[in-house]
Amino acid sequence: MEILTEHITNAGLGESVVTEAQLSRLLDGTPQRRYNLVNRALHRGELLHLKRGRYLLSSAVKQGKIHPFVLAQALLPGSYISMETALCFHGWIPESTPITMSVKPHRRRQTLDIPKFGQFQYFPLALNTGWFLEGVDRDTLAGQSCMMAQPLRALLDIFCLRKIDYPGHQESD
């Protein structure tokens, strides 16, 4: 077992996504030493590289201790699970969704492919200030928490993203 893996496990971060900032607090020494320890753990297969500055212990993946929804929020903090993914979670649609769709407060769309977990898509939506998390609940999955849109909020996010007009209300002359 690598030194880095031991430090992460002893700090209680073995089942969560670890950031560069957390690694710098855990490990003493220079940034080069930290870089070398990360590379050694990556080459031995003890650590998985998710995206720049985000890592996960491979033992957490093997034991199934991290849910893809929790991972989606850890990859982009401030986002929440929504659209067809949330509707499938709540049982409103019978099909499974191969892509984890989230809404984020930033300006650009983003797609991340994580080999062992699938594809994650993040969509920006123009919302009124202060209402971003309206209709979003905090759920616990695999012992970790994530933000999940309620069914009505997920439907409204789909309408907003695809710019669909609501057909139910028509004005009469």
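To be clear, the structure that these remarks concern was listed above.
### Overview of the pairing of strand E3 (residues 54-57)
On a regular strand, each side chain points to the face opposite its neighbour's, so the side chains alternate between the two faces of the sheet. Neither face of E3 is exposed, since Arg-54 and Leu-56 on one face and Tyr-55 and Leu-57 on the opposite face are all buried. Summarising the sheet, strand E1 (residues 18-19) and E3 pair through two bridges and their orientation is antiparallel. In the sheet register, Val-18 faces E3, and the bridge partner there is Tyr-55. Where strand E2 (residues 47-51) lies against E3, four bridges are found, and the strand directions are antiparallel. Across the sheet, residue Leu-47 finds its bridge partner in E3, namely Leu-57. Between E2 and the antiparallel strand that follows it, E3, lie two residues; Gly-53 among them carries a positive phi value of about 80°.

### Topic: the side chain of Asp-139
Looking at the secondary structure, you find Asp-139 in strand E8 (residues 136-141). Buried charge without a partner: Asp-139 forms no salt bridge, and the closest opposite charge is Arg-138, 8.6 Å away. Each residue touching Asp-139, except ones within four places of it in the same chain, is listed here: Phe-89, Gln-144, Ser-145, Cys-146 and Met-148.

### Examining helix H3 (residues 31-44)
Taking 1.5 Å of rise per residue, the 14 residues of H3 would be expected to cover 20 Å, and the 20 Å separating its terminal C-alpha atoms lies within 8% of that figure. For H3, the set of buried residues is Arg-34, Leu-37, Val-38 and Ala-41. All buried residues of H3 project into a common sector of 100° when viewed along the axis, lining one side. Counted as exposed and oriented over 90 degrees from the buried face of H3: Tyr-35 and His-43. At its buried positions, H3 is contacted by helix H1 (3-10), helix H2 (20-26), E2 and E3.

### Some remarks on the pattern of salt bridges
Across all of its chains, the model carries three salt bridges by this definition. The partner of Arg-162 in a salt bridge is Glu-84, and the shortest N-O contact between them spans 2.8 Å. In this pair, Arg-162 sits in helix H7 (residues 151-162) while Glu-84 sits in helix H6 (residues 83-89), placing the two residues 78 residues apart along the sequence. Between Arg-153 and Asp-157 there is a salt bridge, and its shortest N-O distance comes to 3.1 Å. Here Asp-157 and Arg-153 lie together in helix H7, a separation of four residues that amounts to about one turn. Since its relative accessible area comes to 2%, Asp-157 is described here as buried.

### Concerning the layout of surface pockets
The calculated volume of the largest pocket comes to roughly 150 Å³. Lining the largest pocket are Glu-20, Leu-23, Pro-31, Arg-34, Tyr-35, Val-38, Asn-39, Leu-42, His-49, Arg-52, Gly-53 and Tyr-55. Of all the secondary-structure elements, those providing two or more residues to the lining of the largest pocket are H2 and H3. Partitioned by chemical class, the residues of the lining of the largest pocket number six nonpolar, three polar and three charged.

The rules we used
Residues numbered from 1 in each chain as written. Predicted model: local features only at pLDDT ≥ 70, side-chain atom pairs only at ≥ 80, totals over all residues. Heavy atoms only, no water. Buried < 20%, exposed > 50% of the residue type's maximum accessible area, 1.4 Å probe, protein only. Helix = DSSP H or I, 4+ residues; strand = E, 2+ residues; numbered from the N terminus. Pairing = 2+ DSSP bridges. Lys, Arg positive; Asp, Glu negative; His and termini not counted. Salt bridge = Lys/Arg side-chain N within 4 Å of Asp/Glu carboxyl O. Contact = heavy atoms within 4.5 Å. Expected span 1.5 Å × (residues − 1). Arc of directions from axis to C-beta. 1 Å grid on protein atoms, 1.4 Å probe; cavity = no way out; pocket = protein on both sides within 12 Å on 5 of 7 lines; lining within 4 Å. Points joined across faces, edges and corners; volume = space filled by probe spheres on them. Nonpolar A, V, L, I, M, F, W, Y, C, P; charged D, E, K, R; others polar.

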